[in-house]
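Chain residues, written in single-letter form:
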Amino acid sequence: LTAIPCRLACGDVEGRLETLFRRVRAIQSKNGHFDMLLCVGNFFGTTSETEWAQYHTGVKKAPIPTYVLGANDLETVSYFPDVSGCELAENITYLGRQGLFSGTSGLRIAYLSGTESQEEPAPAYSFSAKDVAELKTSLLSTPNFKGVDILLTSPWPRDVESFAKSMGEIDAKKCGSKLVSDLAASLKPRYHFAALEKAYYERLPYRNHTVLQEAPQHVSRFIALADVGNTSKKKYLYAFSIVPMSLMDPAELVKQPQDVTENPYRKSQETQKNKASLCAEEEPASQFFFDLNKHQGNKRPSDGKERGNSQPKQPKTTSQVTGPCWFCLASPEVEKHLIVSIGTHCYLALAKGGLLPDHVLILPIGHYQSVVDLSSEVVEEVTKYKSALKDFFRSKGKRYVLFERNYRSQHLQLQVIPVPLDHCTSQDIKESFIAQAQEQQIELLEIPEYSDITQVARPGTPYFYVELDTGEKLFHRIRGRFPLHFGRWVLASEALLALPERADWRRCAAGREEEAAHSRAFRRDFQPFDFSLRA
């Protein structure tokens with residue numbers, strides 16, 4: 001078997017060639033051969049002259065073929081005599097201002113030198129929108145283009161932190177280039193390396209396709225590297241193995257890791273497209289919707305069109321009630337003796353005729369029909385209640401199953417039912433839902449963990465949705481008839497809670513005094529976990 005070649009990527013060298021190459025030699029002596037070193041950020045610095053002269057004149061030689069990006073400031077432009085790329089010294093090659101480098105192994109490496117400029121033409125140490133457009137056009141016009149193996153830029157892409165963990169000390173609002181974001185979104189690199197911020201940041205991998213709407217594609221990984229020899233000992237060298245995309249089995253190429261997230265750039269791209277029609281107060285996750293009525297995945301701009309009116313989209317508000325509502329907190333219809341917690345935007349109530357005594361509902365105080373209709377403030381509090389209920393039930397040796405049926409209902413009801421941890425695993429629960437869905441010819445699809453339901457259903461879409469306290473989710477787009485008590489039937493089945501006699505809530509109804517007693521007991525036990533009491 002042929003070993004997979006290993007590569008190294010490096011952040012800002014800033015002229016510290018001896019420090020860099022000494023480290024590279026140490027890595028090679030310990031871990032074996034690396035076939036190339038890719039350098040992003042500032043390769044030269046203000047004190048480069050003495051060290052560089054030894055390599056430039058051939059007195060010293062880089063221990064590994066080294067490929068570098070161009071200048072990021074006026075002071076270092078003179079080190080790069082040919083804008084189209086050239087050999088700077090033995091084993092050190094300047095790639096050029098922009099283009100595609102294809103190594104003998106078949107790797108496709110796209111590169112863009114410099115920092116973003118609004119000027120046209122851009123200075124010698126910068127790139128403009130025209131430069132990025134030319135690079136995109138040259139690559140996207142390639143027959144059967146699927147993406148590139150590696151993208152090298154000096155600036156970070158703007159918005160890269162969306163759907164991922166915090167970037168720490170880096171100010172996400174000030175960091176990065178929008179043009180680089182646009183380039184990364186179009187070229188779909190499997191690895192994207194950048195520098196300039198003197199920080200190490202490895203983002204969770206993100207997907208390049210729309211879940212449930214497009215065929216799976218490979219994932220992308222963004223890695224920012226710190227400066228060479230930094231005193232904080234932040235990571236500036238990154239070793240990785242990669243088989244060229246062109247040589248990979250298609251099924252292996254598109255495998256999705258467990259921690260994959262949504263694409264961080266689609267949100268900003270859609271915002272730019274619809275900037276004129278979007279309200280500034282609109283929450284990011286709702287800036288586009290997927291048209292589930294079409295066989296191919298398309299993003300539908302949230303501009304109010306195709307929804308029966310031509311008015312600009314407004315911030316989310318509560319729906320208009322068309323009749324008596326049993327769940328609006330201000331309604332006289334609400335059975336208030338079942339309420340166990342009241343927050344600012346949501347409340348908890350025991351289910352009437354619950355499957356179990358601790359079967360609870362999460363409900364918005366205002367009138368919202370479904371999760372995808374909720375405002376950002378309500379979503380935030382729903383998330384808090386989920387977290388509190390998870391901790392509460394786990395303290396009792398249980399895990400919860402949550403489901404929502406947005407079909408023949410007026411007010412959002414998130415049904416939360418606990419299942420003993422030692423009774424079944426989360427995989428057992430998923431398999432039971434999927435098996436019973438198949439029996440009834442219901443297509444129940446798994447949504448990746450880091451996805452959000454607002455990205456697979458738009459307001460007004462009938463759907464059924466299941467969520468485990470692990471974050472795993474199942475989704476069904478209702479297109480015709482749907483059994484109203486499907487979620488309850490599955491949980492009551494012999495495979496899970498083995499309570500078939502309680503599948504129908506009407507057969508589980510208790511008297512008001514008994515219900516009130518259950519509410520008092522739940523409220524007492526839940527009190528240590530109830531964040532609303534600490535507000």
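Report follows, based on the coordinates. (Residues numbered from 1 in each chain as written. Predicted model: local features only at pLDDT ≥ 70, side-chain atom pairs only at ≥ 80, totals over all residues. Heavy atoms only, no water.)

### Quick word on the packing of aromatic side chains
Here's step 1: A full pass over the atoms with the stated rule returns 29 aromatic pairs.
Here's step 2: When the ring of F80 is compared with that of Y94, the centres are 4.8 Å apart and the planes differ by 55 degrees; the resulting orientation is tilted. Separated by 14 residues along the polypeptide, F80 in the loop between β3 (66-68) and β4 (86-89) and Y94 in strand β5 (residues 92-94) bring together distant segments of the chain. For the pair F80 and Y94, one class covers both residues: buried.
Here's step 3: Look at F392 and F522: their rings are 5.1 Å apart centre to centre, the planes differ by 65 degrees, and that puts the pair in the edge-to-face class. Placement of the pair is F392 in helix α7 (residues 376-395) and F522 in helix α10 (residues 512-526), with a sequence separation of 130 residues.
Here's step 4: Judged by relative accessible area, F392 falls into the buried class, the value being 2%.
Here's step 5: Taking the relative accessible area as the measure of exposure, F522 reaches 5% and is therefore buried.
Here's step 6: Three or more aromatic residues link up through ring pairs in this structure, and these residues are F43, F44, W52, Y79, F80 and Y94. (Phe/Tyr/Trp six-rings, centres within 6.5 Å; stacked < 30°, edge-to-face > 60°. Helix = DSSP H or I, 4+ residues; strand = E, 2+ residues; numbered from the N terminus. Buried < 20%, exposed > 50% of the residue type's maximum accessible area, 1.4 Å probe, protein only.)

### Thoughts on the pairing of β4
Here's step 1: With 3 bridges connecting them, β4 and β5 associate as antiparallel partners. By the bridge assignment for β5, A89 is matched with I92.
Here's step 2: Remark: 2 residues form the turn of the hairpin made by β4 and β5, two consecutive strands paired antiparallel; N91 in that turn has positive phi of roughly 75 degrees. (Pairing = 2+ DSSP bridges.)

### So, the sheet that holds strand β2 (residues 36-39)
Here's step 1: Reading across from one edge, β4-β5-β3-β2-β1-β15 is the order of the 6 strands in this open sheet, with mixed pairing throughout. Two strands in the sheet have a free side with no partner beyond their single neighbour: β4 and β15 (237-241). Within the sheet, the average angular offset between the axes of one strand and its neighbour, ignoring direction, is 25 degrees.
Here's step 2: Helix α2 (residues 49-56) contacts β4 and β5 of the sheet and is inclined by roughly 110 degrees relative to β4. (Axes fitted to C-alpha atoms, helices over the stretch in contact; angles between N-to-C directions. Contact = heavy atoms within 4.5 Å.)

### Thoughts on the sheet that holds strand β20 (residues 360-364)
Here's step 1: In space, the 8 strands of this open sheet follow the order β18-β19-β20-β22-β21-β24-β25-β23, with antiparallel pairing throughout. Looking at the sheet topology across the chains shown, the edges are occupied by β18 (339-342) and β23 (445-447). Taking the axes of each pair of neighbouring strands and ignoring which way they run, one obtains an average angle of 25 degrees across the sheet.
Here's step 2: The sheet contact formed by strand β24 (residues 463-468) and strand β25 (residues 473-477) spans 5 bridges and is antiparallel. Following the sheet pairing, Y463 is matched in β25 by R477.
Here's step 3: Its contacts with the sheet place helix α8 (residues 426-439) against β21 (398-406), β23, β24 and β25, and it is angled at close to 165 degrees to β24.
Here's step 4: Those strands touched by α10 are β18, β19 (346-350) and β20, and its axis lies near 35 degrees from that of β18.

### Some details on the packing of α7 against α10
Packed helices, taken two at a time, are described by their axes: the angle between them and the distance between them.
Here's step 1: Where α7 contacts α10, the axes come no closer than 11 Å and their chain directions differ by 95 degrees. With respect to α10, the axis of α7 lies roughly perpendicular. Contacts between α7 and α10 involve A388, L389, F392 and F393 on the former and, on the latter, F522, D525 and F526.
Here's step 2: Looking at side-chain class alone, the contact of α7 with α10 contains 6 nonpolar, no polar and 1 charged residues. (Parallel < 35°, antiparallel > 145°, perpendicular 65-115°, else oblique. Nonpolar A, V, L, I, M, F, W, Y, C, P; charged D, E, K, R; others polar.)

### Structural notes on α7
Here's step 1: The first and last C-alpha atoms of α7 sit 29 Å apart over 20 residues, in line with the 28 Å expected at 1.5 Å per residue.
Here's step 2: Inspection of α7 places V378, E381, V382, Y385, K386, A388, L389, F392 and F393 among the buried residues, and these make up the whole buried set. (Expected span 1.5 Å × (residues − 1).)

### A look at the packing of helix α3 (residues 129-140) against helix α4 (residues 178-187)
Here's step 1: In the contact formed by α3 and α4, the axes pass within 10 Å of each other and the chain directions differ by 5 degrees. One element, α3, and the other, α4, form an angle in the roughly parallel class. Contacts from A129, V132, L135, K136, L139 and L140 of α3 reach α4 at L179, D182, L183, S186 and L187.
Here's step 2: Counted by class, the contact of α3 with α4 contains 8 nonpolar, 1 polar and 2 charged residues.

### Regarding the side chain of D12
Here's step 1: Considering the arrangement of structural elements, one finds D12 in the loop between β1 (6-10) and α1 (17-31).
Here's step 2: Within the buried set, D12 has no salt-bridge partner at all; the shortest N-O distance to an opposite charge, 5.5 Å, is to K198.
Here's step 3: Reaching out from D12, the side chain makes a polar contact with the backbone nitrogen of N42 at a distance of 2.8 Å.
Here's step 4: The contacts of D12, once residues within four sequence positions are left out, are V40, G41, N42, A195, L196, L225, A226, D227 and V228. (Lys, Arg positive; Asp, Glu negative; His and termini not counted. Salt bridge = Lys/Arg side-chain N within 4 Å of Asp/Glu carboxyl O. Polar contact = N/O pair within 3.5 Å; in protein donor to acceptor, adjacent residues only side chain to side chain.)

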